[in-house]
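# A structural walkthrough
Take a look at the letters that make up each chain.
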Amino acid sequence: MMNFLEEKILKDGIVRPGSILKVDNFLNHQIDIGVMRKIARELKQRFDGERVDKVVTIESSGIAIATLLGDLCDVPVVFAKKSETANSTDNKYVSKAYSFTHKRMNQVFISRPYLNKGERVLIVDDFMADGQAAHALIDIVHQAGAEVVGIGIAIEKGQQQGGRKLREEGYRLESIAIVESMDPETQTIRFRQTHDQSAYLK
Ligand code: 5GP
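Note that the structure is a prediction, hence the values are computed from the model and not measured.

### Some remarks on the overall build of the protein
Within the protein one finds 6 helices and 10 strands. For the protein, whose C-alpha radius of gyration is 16 Å, the value lies close to the compact-globule estimate of 17 Å for 202 residues. Considering only C-alpha atoms, the protein reaches an extent of 50 × 35 × 35 Å along its principal axes. In the protein, of all internal contacts separated by at least 6 residues, the share reaching a separation of at least 24 is 63%.

### What to know about the side chain of S175
Mapped onto the secondary structure, S175 falls in strand β9 (residues 173-183). Relative accessible area serves as the criterion here: at 6%, S175 is assigned to the buried category. Setting aside residues no more than four positions away along its own chain, S175 makes contact with R46, I153, A154, E156 and R167.

### Some details on the nonpolar core
Judged by nonpolar contacts, the single largest core of 33 residues is most densely connected at L5, I9, L21, L27, I39, I155 and I189. The set of elements that each furnish at least two residues to this core consists of α1 (4-12), α2 (24-28), α3 (33-46), α4 (62-73), β7 (120-128), β8 (147-157), β9 and β10 (188-191). With 5 residues, α3 is the single largest residue contributor to this core. Apart from residues lying up to four places away in sequence, I9 is in contact with L21, F26, I155, A177, I189 and F191. Counting residues in hydrophobic clusters, the runner-up holds 26 residues, among them V78, V108, M128 and V148.

### Observations regarding the layout of surface pockets
Of the pockets and cavities examined, the largest pocket occupies roughly 860 Å³. What lines the largest pocket is a set of 37 residues, among which K82, S99, T101, H102 and D126 lie closest to the centre. At the level of elements, β2 (20-22), α2, β4 (77-83), β5 (92-99), β6 (104-111), β7, α5 (132-143) and β8 are the ones that each hand at least two residues to the lining of the largest pocket. Counting residues per element, the lining of the largest pocket draws most heavily on β7, which supplies 5 residues. Partitioning the lining of the largest pocket into residue classes produces 15 nonpolar, 11 polar and 11 charged.

Calculation notes
- Residues numbered from 1 in each chain as written.
- Predicted model: local features only at pLDDT ≥ 70, side-chain atom pairs only at ≥ 80, totals over all residues.
- Heavy atoms only, no water.
- Helix = DSSP H or I, 4+ residues; strand = E, 2+ residues; numbered from the N terminus.
- Rg over C-alpha atoms; globule rule 2.2 N^0.38 Å.
- Contact = heavy atoms within 4.5 Å.
- Buried < 20%, exposed > 50% of the residue type's maximum accessible area, 1.4 Å probe, protein only.
- Core = buried A, V, L, I, M, F, W, Y, C linked by side-chain atoms within 4.5 Å.
- 1 Å grid on protein atoms, 1.4 Å probe; cavity = no way out; pocket = protein on both sides within 12 Å on 5 of 7 lines; lining within 4 Å.
- Points joined across faces, edges and corners; volume = space filled by probe spheres on them.
- Nonpolar A, V, L, I, M, F, W, Y, C, P; charged D, E, K, R; others polar.

Have a look at this one:
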């Protein structure tokens, strides 16, 4: 049985060569509020019972999901910024991530006042591919002396290794749709079967 996000991906997703899934009409360009609300509710549900002090994401497409989730948790949302140059001398926590979609190394940073020691942080993003963005955010959270509650992702590309690595490292990673394989020739997309489907997914 497919969940709402898997159905939406099959209906509107476009598979590009190089393992890129384009979902511009509901997530990466136009934002479908109904779909985003369901993503946020589902992530809220999956991390229910965890104390969360802050939701942290990375610009730009993570912000919409993070904002709706921050609303449901009633906590502040912080988005890490990307730039070609940033250094930690000017009051920032800095890490770096290779961008899978833009094929370049980015500096990723959060200003020090927006992350505090002891805070419990839920990391969210639109996609998980090689785990570069998630690892940069984890690094920054740890630099601040804060704690990672878990990582919530809308679409994980299971054929790339980010998700596997993070789970092996012991992080709680929740992805609403996990793509197992996709073919740009035939536009076929297959999803990993998961067993933790909640009522919100229907
Ligand atoms: P990672 O850092 O895990 O390698 O890649 C995740 C980041 O790259 C996400 O923040 C997302 O913006 C972007 N990304 C990776 N793969 C895809 C993809 O197939 N489609 C889209 N739209 N974005 C992707």
